[in-house]
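Single-letter residue listing:
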Number of protein chains: 6
Amino acid sequence: MFTRYEGAAWEERFLPRLTSKQIKELPKESTLVILPVGAIEQHGPHLPVMTDTLIGEATVTLALEKLKPDARVWLLPPVSYGKSNEHLGLPGTISLSATTLQSVIMDIAESLRLSGFHKLLLFNTHGGNTDLLNVVSREIRIRHDMLVFYLSPSSLGGAEDLMPADELEYGIHGGDYETSIVKAIKPGWVQDQWLVSETPSMTGQKFLTLEGKIRFAWRMADISDSGICGDATQATAAKGSIIQERVTDILAEVFRELSEFEFGDIRAKAEAGAER
Amino acid sequence: MFTRYEGAAWEERFLPRLTSKQIKELPKESTLVILPVGAIEQHGPHLPVMTDTLIGEATVTLALEKLKPDARVWLLPPVSYGKSNEHLGLPGTISLSATTLQSVIMDIAESLRLSGFHKLLLFNTHGGNTDLLNVVSREIRIRHDMLVFYLSPSSLGGAEDLMPADELEYGIHGGDYETSIVKAIKPGWVQDQWLVSETPSMTGQKFLTLEGKIRFAWRMADISDSGICGDATQATAAKGSIIQERVTDILAEVFRELSEFEFGDIRAKAEAGAER
Amino acid sequence: MFTRYEGAAWEERFLPRLTSKQIKELPKESTLVILPVGAIEQHGPHLPVMTDTLIGEATVTLALEKLKPDARVWLLPPVSYGKSNEHLGLPGTISLSATTLQSVIMDIAESLRLSGFHKLLLFNTHGGNTDLLNVVSREIRIRHDMLVFYLSPSSLGGAEDLMPADELEYGIHGGDYETSIVKAIKPGWVQDQWLVSETPSMTGQKFLTLEGKIRFAWRMADISDSGICGDATQATAAKGSIIQERVTDILAEVFRELSEFEFGDIRAKAEAGAER
Amino acid sequence: MFTRYEGAAWEERFLPRLTSKQIKELPKESTLVILPVGAIEQHGPHLPVMTDTLIGEATVTLALEKLKPDARVWLLPPVSYGKSNEHLGLPGTISLSATTLQSVIMDIAESLRLSGFHKLLLFNTHGGNTDLLNVVSREIRIRHDMLVFYLSPSSLGGAEDLMPADELEYGIHGGDYETSIVKAIKPGWVQDQWLVSETPSMTGQKFLTLEGKIRFAWRMADISDSGICGDATQATAAKGSIIQERVTDILAEVFRELSEFEFGDIRAKAEAGAER
Amino acid sequence: MFTRYEGAAWEERFLPRLTSKQIKELPKESTLVILPVGAIEQHGPHLPVMTDTLIGEATVTLALEKLKPDARVWLLPPVSYGKSNEHLGLPGTISLSATTLQSVIMDIAESLRLSGFHKLLLFNTHGGNTDLLNVVSREIRIRHDMLVFYLSPSSLGGAEDLMPADELEYGIHGGDYETSIVKAIKPGWVQDQWLVSETPSMTGQKFLTLEGKIRFAWRMADISDSGICGDATQATAAKGSIIQERVTDILAEVFRELSEFEFGDIRAKAEAGAER
Amino acid sequence: MFTRYEGAAWEERFLPRLTSKQIKELPKESTLVILPVGAIEQHGPHLPVMTDTLIGEATVTLALEKLKPDARVWLLPPVSYGKSNEHLGLPGTISLSATTLQSVIMDIAESLRLSGFHKLLLFNTHGGNTDLLNVVSREIRIRHDMLVFYLSPSSLGGAEDLMPADELEYGIHGGDYETSIVKAIKPGWVQDQWLVSETPSMTGQKFLTLEGKIRFAWRMADISDSGICGDATQATAAKGSIIQERVTDILAEVFRELSEFEFGDIRAKAEAGAER
């Protein structure tokens, strides 16, 4: 389900609108295929369970519209269901297992390779998918000899001047960042009457972090009563719009760079004794 | 990706627009959750590879709009990628393996059960998924104690007076039926200059059939050069619209019946000696 | 365990009585190998749990004896245990999981291919196996490049004038049809003192069916107290014998047709524009 | 497929001739269920590929007939296909993978447990199954809390005075032992014109053995041109009959012992300090 | 294989030197069990293939010796073989698949839980394991209700003033950092005559990075001829010793913190409306 | 963790101390790679849970030091965790599942094959691993075309004159044999104050044995209260040293024989009619 759908410019870049004959005849070199991967999972009392998938769809389609016409970049239907086992059991969370999600991505990649494509971008909007997608990317690289890229649009920043530092670091689920974006792209789906703020306090820990170098595995219920990490009470649609514009400006450039990247671009000869 | 998206009436019935709190508070009895399952696969030179998933989305959303407001029926995001190994290798076919698709459906069902739902309809628009989904339905029934229904809208008819008998029987992939519907719902995605007609001839076989009681397993390339079975040259948007209206009229009634069904409705006492 | 075993004519067609050297030298073209697949599962208080496997053995061997000597048709030992999870927990039900049964059939097919055979018929006598076997057939077609056929002898009819229409439709497990056949082929294994009649009532449902287009997944315990669907009280050995004769007459013809079938027989050239 | 079938006395002990009601009412304590596991695999140019499964059926049924009526011992249909990957590729070998065979046995055991049985004997007639069945036995013991026994009738001897010592040690496949038995139980299935003798020479190895303590993994083709290990040219039906009588005399006693065994029979108290 | 083994002080903290009775009686609260996970993989022409596992063993044992006696911290034998598929095919690389390594860690964790332990640290010294271990950590958290920590000692720094910034960023495999440490702990295993320097040049990429936010999946052979990333020619044992001292000083503190951590330490009450 | 580690002579034969370049240049013919496989599991109140892995390390390294310099024999790091499900739940038992251990061994073998090695010895010191390793050996032989050997040092004897016959037969876990060896190689790890003697009594069984031809699957708790089978109270370090010397004398010869073995050494031509 892509928001901003009917008649939008990005539809030109939507791969499955083409017929098999058209896809066969597409140039495949310097061509990037984008697979959005999201999640359907609880996001507190105020955000829709589709938040991650929704943001992914809105972001990637807006970025595509900023591409120049000659860019060879194609979009696939999203994998709407991700790995959300850290939220499993909370109503509305619909999660694939790690094994299942891995298989889904592997199968799609293999099919793309059989169709002649070589470059795949996993465009991920759910933090709980990240590690698994990195594992899968390497598997695809090795098993199907494809070039596989990974990025999460939220890692591109865009909110540095809009939120306090603490919120930027710990507002990782249902906080100001996500709530602002959903207010911007689908305001009717935010329940303003139930906005909440909750963040675990890591100040007592000298080394341990939520997502840093020394980390621990958590279920959301381990670290939050409300199901969120962050402060949704400060979210505004205006902030969300600014973030989306900034992020998609960058993404348009990124998509171009990835479509043209080859390993030969970065290879340097060993300086000495590099026999093996 | 749902066609007919923005602001449409069915959006009210789109489950993941709700928050976790809202889903928790939904009544669960006499409540049906619908999971569309489609496919991205070659459909000949003239139809988009998204044909099956596209038809599924258009059909289920139109049917939802015909429901009375008090019906307890909810829609999930589609499983856009199906099992299309019979088309694998033909450009644009993106197939999950049987094992992967099974795991996807099982995981979604388990999550729904954990969210409190009891009734699931697998709404399938790709013939290649049918047998697997029937296997999976029983697994869900047993493992997660849910009521699982299955239907394919194309089995509901609606074209009996619009196409010759042969086309109704053998036009199973990319023929008049599917091409007419896509012309009706997404005309810009049909390549009229490449319409084709091809149907295998079973007349030499006394018993063997394509999909009947005595059957054989085929890859599409075994039975067709063009990748289709049927006659796309006779397709019209008008026929497609008629079919869609007829099918969705029925579906609205069906959804209602399924949401209210309980096993107790059909149990009869054994007449004699039913000890065990 | 084949009934009608010792010295019977069909033993000539029993593949594993041959040595490796003999099998190596067999002609492989236009040669059909038959794998019976049955089930060991509860069939109510009156029928043996071996009913499905027993009927399969009796039927296939009788049909083989009706073949002309020059037919190239070979029989394998049966897969006696099927997928009977809809009866699991009821005493005497011995079920393989879906995954296990799939692996069994795939492994046997791969071995046959390595032995030089190309055509395999899955001869199934348990309804609960059907969907899975259809999935597997396609996997074998694709992975091992074999021609795989499927049939269930009960689908060939033969009882139309012997039972009421309702029994023909709903007598799917342990009813008149199966009980009559077991009475004909192995009378000592039917417990006449516990014959039973029980059929779920679908009349309250406008659309929903047990095994039709709009269906639901059931465990036998969901729809029957006695463990059967049908009316065993009307069964007679005479009816069973008539059915067996009729069905095996057809099967002898079918085996011949399948052994000679090639995809080239049904291919027609596309009429127009069939480029891809 | 059981040889010696029709009307034989052992049929009384054939579990699946019973109905679900009868099985429910069976006493379960001190009750042994026997599952024959065999193989369909090349046995040289002279023996049928069914040799192992055939010997298993003949042996177990003969032994059952020697039991006293009050013994609580029941027979299941055989698992006819075993793990024969050491012969894979040689015509007529039909092998399950290790994983598949393991799953088959596990599923059957679980079903038996659900039916109320506690004691299972894996009655194996193919050496290539042995290690796997031992692994599986322990899995069943632990996962399903059953008492699982294992034996291979060929390990019970019976031929010590009938064959030279070398043949007793190395005649492990298709040699005098197996050929004599098949001549005794199914003479028409032995191809006398192609009897062969071939045994690998281990005399150059001080430590290494075929199946002893210091061993190596082999495919049959690694150690034999003809596909056998042993001397089939000396086989006679008379020797086969003697072996069968001796082995089944022992088996009848063994079945009785196993049906009555409980762990409590062998537990001794630790003599000192056995705290844990 | 732990270097610095015989009679060393850390041996006191080596869990499997204890008997079952001793382990049963250990206090389990505030107790940390450490599982080192390494790799056996090519590290260029100059470093042993055991580099990662070797560094892990040396580092963890040295850190344990810096703990105060009352710390409840126990060491397990290492998982010496990791996931090194990015080096597979290069001599000396011995890699587990992602699935296998995941199963190994899951099984060990489950056994620990059954033994009464609650806190596990995955102490990882191979970058190629990181993503997978993060996935596994969450699985263990959810499936076995354990507290699972993750860290890689190389992420703790210690070389900031010893190497140029470029080497700190790109010297990720077989460069100055690892070569210096191996020179310090096992000098005889470094082949000084084959030291090499090779680093891919990412300067042409505006966004793409080796291991950053926008990344691509690589096999080592994609980015390096010599099999390393970094400059081994500048490595010295002196630098290695300094790094090891610094890192293990930190680790001793970290182990203490992790052994005492509980979720309750970081939970804050939601500030507003946190109903769910 | 290898005992007797630092600077020991066997370190020369420790494969992963070599660099990838060195391993590439090693001769591979007549070259044996040894993989020790052990277990971490309860061994009664007196022996460390590392007993099996510890004995394996001590034995293989001592044997390697008795090899002549020109022997082409290399040692791998051990697989320290084995399949110990028969002890699972008893504190300190850390077990891999059968599937996991199989995958570990398969993956290591495949990597060795990719590195150019052809001969692998599975050097096993835990009885619970034996059957599985035999299954795996054959899988490796077939899938990776390697020569795979198996042995358990305890099967080589060496204690015949040191213990009573009963102890030699039934002292299979934590008895005199194992306790004596651990006393010899790691005396500080034996808890002398808790030595125990316990052996199940099989005298009431005419046929059934613990590990013989007619066997049953057991958990240790089925047959022993103390967790051991045997008499640890008679163990002495002196006996342990004698056993170790005897066993390693043999092993040095065995390693040599295995490194030089080829299938061609044992092939004899069939004497008659060996066509196939």
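Note that this is a predicted model, so its numbers are computed, not measured.

## Re the environment of arginine 143 of chain F
By the element assignment, arginine 143 of chain F lies in helix α4 (residues 130-144). Placed 33 residues apart in sequence, arginine 143 of chain F and glutamate 110 of chain F show a C-alpha to C-alpha distance of 8.7 Å.

## A look at the interface of chain C and chain B
Every contact between the two is made by 71 residues of chain C and, on the other side, 71 residues of chain B. For the pairing of chain C and chain B, the buried interface totals around 6500 Å² over both sides, and the portion due to carbon and sulfur atoms is 53%. If you look at where chain C meets chain B, you find eight salt bridges. Its salt-bridge partner being glutamate 86 of chain B, residue arginine 138 of chain C comes within 3.5 Å of it at the nearest N-O pair. Here chain C is connected to chain B by 28 residue pairs in polar contact (both at pLDDT 80 or more). Broken down by secondary-structure element, the contributors of at least two residues to the side of chain C that touches chain B are α4 (130-144), β4 (147-151), β5 (197-198), β6 (215-216), α7 (220-223) and α8 (237-260) of chain C. Here the side of chain C that touches chain B gets nine residues from one element, more than from any other, and that element is α4 of chain C. Tallied by class, residues from the side of chain C that touches chain B come to 35 nonpolar, 14 polar and 22 charged.

## Concerning the sheet that holds strand β1 (residues 32-37) of chain D
In space, the five strands of this open sheet follow the order β2(D)-β1(D)-β3(D)-β4(D)-β6(F), with mixed pairing throughout. In this open sheet, the two edge strands, each paired with only one partner strand, are β2 (73-75) of chain D together with β6 (215-216) of chain F. Bridge analysis of strand β4 (residues 147-151) of chain D against β6 of chain F gives two bridges, and the strand direction is antiparallel. Looking at the pairing, phenylalanine 149 of chain D lines up with phenylalanine 216 of chain F of β6 of chain F. The strands that helix α3 (residues 98-114) of chain D touches are β1 and β3 (119-124) of chain D; relative to β1 of chain D, the one it contacts most, it runs at about 160°.

## Topic: the sheet that holds strand β4 (residues 147-151) of chain E
Spatial strand order, β6(A)-β4(E)-β3(E)-β1(E)-β2(E): five strands in an open sheet with mixed pairing. Edge positions in the sheet fall to β6 (215-216) of chain A together with β2 (73-75) of chain E, since each of these pairs with one other strand and no more. Contacts from helix α3 (residues 98-114) of chain E reach β1 (32-37) and β3 (119-124) of chain E, with the element oriented near 160° to β1 of chain E. Contacts from helix α4 (residues 130-144) of chain E reach β6 of chain A together with β1, β3 and β4 of chain E, with the element oriented near 170° to β4 of chain E.

What counts, and where the lines are drawn
Residues numbered from 1 in each chain as written. Chains lettered and ligands numbered in written order. Predicted model: local features only at pLDDT ≥ 70, side-chain atom pairs only at ≥ 80, totals over all residues. Heavy atoms only, no water. Helix = DSSP H or I, 4+ residues; strand = E, 2+ residues; numbered from the N terminus. Contact = heavy atoms within 4.5 Å. Buried area = accessible area lost by both parts, 1.4 Å probe. Salt bridge = Lys/Arg side-chain N within 4 Å of Asp/Glu carboxyl O. Polar contact = N/O pair within 3.5 Å; in protein donor to acceptor, adjacent residues only side chain to side chain. Nonpolar A, V, L, I, M, F, W, Y, C, P; charged D, E, K, R; others polar. Pairing = 2+ DSSP bridges. Axes fitted to C-alpha atoms, helices over the stretch in contact; angles between N-to-C directions.

All we've got here are geometric facts, nothing functional implied.
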